[in-house]
Amino acid sequence: MKYVVIAEAYEKIEATTKRLEMTDLLVGLLENTPKKIIDKVVYLTQGKIHPDFVDLEIGIAEKLAIKALARASGIKESEIEENLKKTGDIGEAAQKFIADKRQVTFFQQSLTVQRVYGTLDKMAKASGSGAVDLKMALLAGLLADAAPKEAKYIMRTVTGNLRLGIADMTVLDALATAYGGGKENRGYLERAYNVSSDLGRVARIVAEKGLEGVKKFEISVGEPVRPMLCERLSSPEEILEKLGGKCIAEYKYDGERIQAHKKGGEVALFSRRLENISGQYPDAVKLLKKYVQAKDAILEAECVAVDPDTGEMKPFQELMHRRRKYGIEKAMEEYPVSLFMFDALYVDGKDLTLRPYPVRRRALEEAIEESDRLKIAKYMVTGDVKELEKFFLEAIEDGCEGLVCKSVAEDSVYQAGARGWLWIKYKRDYKSEMTDTVDLVLVGAFHGRGKRAGTYGAFLLAAYNPDNDAFETVTKCGTGFTDEDLAKLPRIMKKHAIPHKHSRVQSMVEADVWFEPATVIEVLGAEITLSPIHTCAMNNVRKGSGLAIRFPRFTGNYRLDKSAEDATTTMEIVEMYRNQLKRISES
Ligand code: ATP
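Cut-off values and rules
Residues numbered from 1 in each chain as written. Predicted model: local features only at pLDDT ≥ 70, side-chain atom pairs only at ≥ 80, totals over all residues. Heavy atoms only, no water. Helix = DSSP H or I, 4+ residues; strand = E, 2+ residues; numbered from the N terminus. Buried < 20%, exposed > 50% of the residue type's maximum accessible area, 1.4 Å probe, protein only. Contact = heavy atoms within 4.5 Å. Areas by Shrake-Rupley, 256 points an atom, 1.4 Å probe, with all protein chains shown as cover. Pairing = 2+ DSSP bridges. Domains from an automatic or database assignment. Buried area = accessible area lost by both parts, 1.4 Å probe. Expected span 1.5 Å × (residues − 1). Phe/Tyr/Trp six-rings, centres within 6.5 Å; stacked < 30°, edge-to-face > 60°. Axes fitted to C-alpha atoms, helices over the stretch in contact; angles between N-to-C directions. Core = buried A, V, L, I, M, F, W, Y, C linked by side-chain atoms within 4.5 Å. Near = heavy atom within 4 Å. Polar contact = N/O pair within 3.5 Å; in protein donor to acceptor, adjacent residues only side chain to side chain. Nonpolar A, V, L, I, M, F, W, Y, C, P; charged D, E, K, R; others polar.

> Just checking my understanding: could you explain the overall build of the protein chain for this structure?
Along the backbone of the protein chain there are 19 helices and 21 strands. In terms of principal-axis extent, the alpha carbons of the protein chain reach across some 100 × 55 × 50 Å. Evaluated residue by residue, the protein chain yields a buried proportion of 56% over its 587 residues. Across the protein chain, the fraction of contacts at a sequence separation of at least 24, relative to all contacts at a separation of at least 6, is 72%. For the protein chain, the accessible area works out to roughly 26,500 Å², and carbon and sulfur atoms hold 49% of it.

The structure is reproduced here in C-alpha cells:
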C-alpha cells in the first residue's frame, strides 16, 4: 500500500470537523487497506506505531527534525528555522521544502506504508550512544523519498503533532462499518478494545475474522484491560438500595491502582492509564512473583505506601517519591509498598471478565498466597446499614479513603473501561488539614518489626478528659520518631510500664505494652475523623463513634513541661473537629 493513500486521506480528514464525515473518510481508508497491515494503519492514524501500553515512542525533538529536513532537502537549517518561526508548523515546513527540492531531483522511490511504519519503528527502538544520529539518518532517508504531502504527515507523526482528532470511538465506528456488519455492532468491538487496549489488534481481528471473530475475542496476558471504575453515593442506605440490599464492601485503599500481568516467571505492571510502570515498583513485581501461585494471571491491586517499621499505611502522596527513573533502589527502601489485591480478570487460561464478582474474588483467593506485604483487600459482606457505616469508619481509621461497595449479583461482571453502578465508592466528601498540633499522652505501645525490632513500632496516644478524669485514646502513632528516639524510648518508658491497662485509660485497642499516663509528646495529624475504635469523645459527636487523628506524626517535641493532665483535652479535640467541619462548609 502506498503511503500517499494515507496522506491523502489525512488531508481530507483534517479539512472536516464533522464526526460523521470523518468516520466516512476513515471507513474509505480502512477499506482500501490490505487486511494484514490494517493494525499499522490504525496506529498511524492515531500518530503512534504501537498501542499506548508498549513503552516505545518515536519522540523526535524539533531540532533533530529540522536537521533531518535540512539534510533531505538541501536547505540550510537556519532557513528552515526562520520559516518555522513564521508558520510554527513543522509539517508545513517539510511540505514546502521538500516541494522545492522535488523540482530538481528526478529519481525517487515511492513510499509504502510498510516502509514508513518500519522506519518509524526502527527510530523508536534506536537506543544507546549512536541513537540520535541513527534517528536523524532514518528520518532524512524517508523525507528524501517522500512527496511533499507525505513529508508533511511523516514530520507531524515523528514530532508528535499529527493530531487528526480521530477519537478511539470514531475508529471503532469506522471498523464496525467497514468490517463488522454496521455501526450498530460497535458495542462488540468496544468490548474487545476495552479488554485489550489495542485498537490495532481489534482492527486486525475484525478485518480478518469479521464480527464472529470479535465476539470470541479474549483477554490476553500482557495487554492491559481498561479499568472498571466506580460511581459514587454518600450514604450506606443509598448504596445498599442500589446494590440490591447486599454487597461486598471493601476498604478503598489510598494508593495507586495497578494491574498485574503474570506470565510464567514474568510480571508486568500497568497503571490506571495503562502505562507500563513495572520499573517504578520492582518490589511489587517481586512480591507478585513470589505470592501469585497461578502460572498466568491478570490481577488488580492497590499499591500503597507503608511505613517500613510499623506496617502502617501512609497517604497516597508518599508514592510520588516512587515516580522516578533513577535512584529507584533508594526510593524503594525509603518508601516501600504493600499490595492489596481486589480483582482477578484472568487466571490460568480462564477469562473471568464476564463472570460475577464473587466468582472472580474466589479465583483471586485461590490464585495467591497472602503475606505481610501482599494481601486481599479487607472486606465484609453485609446488608446492614449500621455495619456498613461502622466498617467505613474503620477503613478511615486505618488510613483508607473509605469503601468500595461491590455488587454480588449474577450480572456483576467486570465492566472494562466503564464507570458503572456495580461498584460504588463511599468516601468522605471533604479533605481538610489539621493546623494545630496536639499534646498527647503515651498510654501504650506496640512492638516494632523490621528495623524497629526490639524497640517500639508505634504508640497508643490519648487525650485527657477532665470530666471523668480519664485518658481516652485518639490515635496510634509510629511516624516522626528518629532512630535515636527509638533507641532511648524503651529505656525511658520502662519506669512507666505496667502489666495491664491503666485504670484511668479508656481504650478499645489492645496494646502490646501498657504505660501509666505520664509522658506527653507533641503530635501533628492530617485531620480529625469519626472513629469506632478510639474512645476520645465517644458518643459526643455521634452515637457509637469517638474521634481519631489521622496520619499522626510526632513533631520531635517531648513535652517534659507537661504532666499527663495538662495534655490536650477531649473537648479541645471535639472543638477542633467542629472547626474543621465549619472550614469545610465555608470553603
Ligand atoms: P478516586 O480519586 O476516588 O480514586 P478514581 O476516578 O481514580 O477516583 P474510582 O473509580 O472513582 O477511581 O475509584 C476506584 C479507585 O479506587 C480504583 O481505581 C482504585 O485505584 C481504588 N481502589 C482502592 N481500593 C479498591 C478496592 N478495594 N476495589 C476497587 N478499587 C479500589
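There's plenty left to go through after this.
> Just checking my understanding: could you explain the pairing of strand S19 (residues 527-531) for this structure?
Regular strands place side chains that alternate from one sheet face to the opposite one. Counting buried positions over the 5 residues of S19 gives 5, a clear majority of the element. The sheet contact formed by S19 and strand S20 (residues 546-550) spans 5 bridges and is antiparallel. Paired with Thr-529 across the two strands is Ala-548, which belongs to S20.

> What should I look at first to understand the side chain of Asp-254 in this one?
Mapping Asp-254 onto the fold places it in the loop between strand S2 (247-252) and strand S3 (256-263). Residues within four places of Asp-254 in sequence aside, it is in contact with Glu-302, Val-304, Lys-314, Pro-315, Phe-316, Gly-399 and Glu-401.

> What exactly am I supposed to notice about the domain arrangement of the protein chain here?
When the parts come together, some accessible area is lost, and that loss is often what is quoted as the size of the interface. Assigned domains within the protein chain: domain 1 (3-158), domain 2 (229-427) and domain 3 (438-586). A straight line from the C-alpha centre of domain 2 to that of domain 3 covers 30 Å. The partner domain 3 presents 21 residues to the 18 residues of domain 2 that form the contact. Where domain 2 abuts domain 3, roughly 1,500 Å² becomes buried across the two surfaces, and 50% of that area is made up of carbon and sulfur atoms.

> Is there a simple way to think about helix H7 (residues 113-125) in this case?
Note that an α-helix has 3.6 residues per turn; residues three or four places apart therefore point the same way. Look at H7: 18 Å from first C-alpha to last across 13 residues, which is about the 18 Å you get at 1.5 Å a residue. Listed in full, the buried residues belonging to H7 are Val-113, Val-116, Tyr-117, Thr-119, Leu-120, Asp-121, Met-123 and Ala-124. Buried residues along H7 sit in contact with helix H1 (3-15), helix H3 (38-45), helix H8 (131-145) and helix H9 (148-158).

> Which parts of the structure should I look at to understand the packing of aromatic side chains?
How two aromatic rings sit relative to each other is given by the distance of their centres and the angle of their planes. Considering all chains together, one arrives at 14 aromatic pairs under this definition. Relative to Phe-391, the ring of Tyr-251 lies with its centre 5.3 Å away and its plane at 45°, an arrangement referred to as tilted. Here Tyr-251 is found in strand S2, whereas its partner Phe-391 is found in helix H17 (residues 385-397), with 140 residues between them in sequence. Phe-391 matches Tyr-251 in its accessibility class, with the two residues each being buried. Ring centres of Tyr-414 and Trp-423 lie 6.2 Å apart, and the angle between their planes is 85°; on these two criteria the pair is classed as edge-to-face. Judged by its relative accessible area of 4%, Tyr-414 falls in the buried class.

> Help me understand the sheet that holds strand S10 (residues 402-406) in this model?
Pairing between the strands of a sheet comes from backbone hydrogen bonds, and it takes one of two forms, parallel or antiparallel. Taking strand neighbours across the sheet as the criterion, the 5 strands line up as S1-S11-S10-S2-S9 in an open arrangement whose pairing is mixed. The open sheet is flanked by strand S1 (229-232) and strand S9 (379-382), the only strands paired with a single partner. Across this sheet, the average inter-strand angle for adjacent strands is 35°, counted without regard to direction. Relative to S10, S2 runs antiparallel, the two being bridged by 5 bridges. Residue Tyr-251 lies in a different strand from S10, and its bridge partner there is Leu-403. Contacting S2, S9, S10 and strand S11 (419-427), helix H16 (residues 357-367) crosses the sheet at an angle of about 55° to S2. This element, H17, spans S2, S9, S10 and S11 of the sheet and lies at about 135° to S10.

> Whenever I open this one, the nonpolar core confuses me. Can you help?
Nonpolar side chains in soluble globular proteins generally cluster together in the buried interior. In terms of nonpolar packing, the biggest core is built from 146 residues, with Leu-139, Leu-143, Ile-154 and Leu-403 touching the most fellow members. Ignoring anything within four residues of it in the chain, the contact list for Leu-403 reads Ala-249, Glu-250, Tyr-251, Lys-252, Leu-388, Phe-391, Phe-392, Ala-395, Ile-424, Lys-425 and Tyr-426. One finds Tyr-291, Leu-319, Leu-352 and Ile-376 within the second-largest nonpolar core, a separate group that totals 31 residues.

> Looking at this structure, how should I read the site of the ligand?
With respect to spatial proximity, 17 residues lie near the ligand, and among them Cys-230, Glu-302, Lys-406, Lys-425 and Lys-427 are the closest. Here a nitrogen atom of the ligand and a backbone polar atom of Tyr-253 are 3.2 Å apart. Note that an oxygen atom of the ligand is positioned 2.6 Å from one of the side-chain N or O atoms of Glu-302. Computed on the free molecule, the ligand has an accessible area of 600 Å², of which 86% lies beneath the protein chains in the complex. Tallying contributions element by element places S11 first for the shell around the ligand, with 4 residues. Along the lines of polarity and charge, the residues of the shell around the ligand split into 8 nonpolar, no polar and 9 charged.

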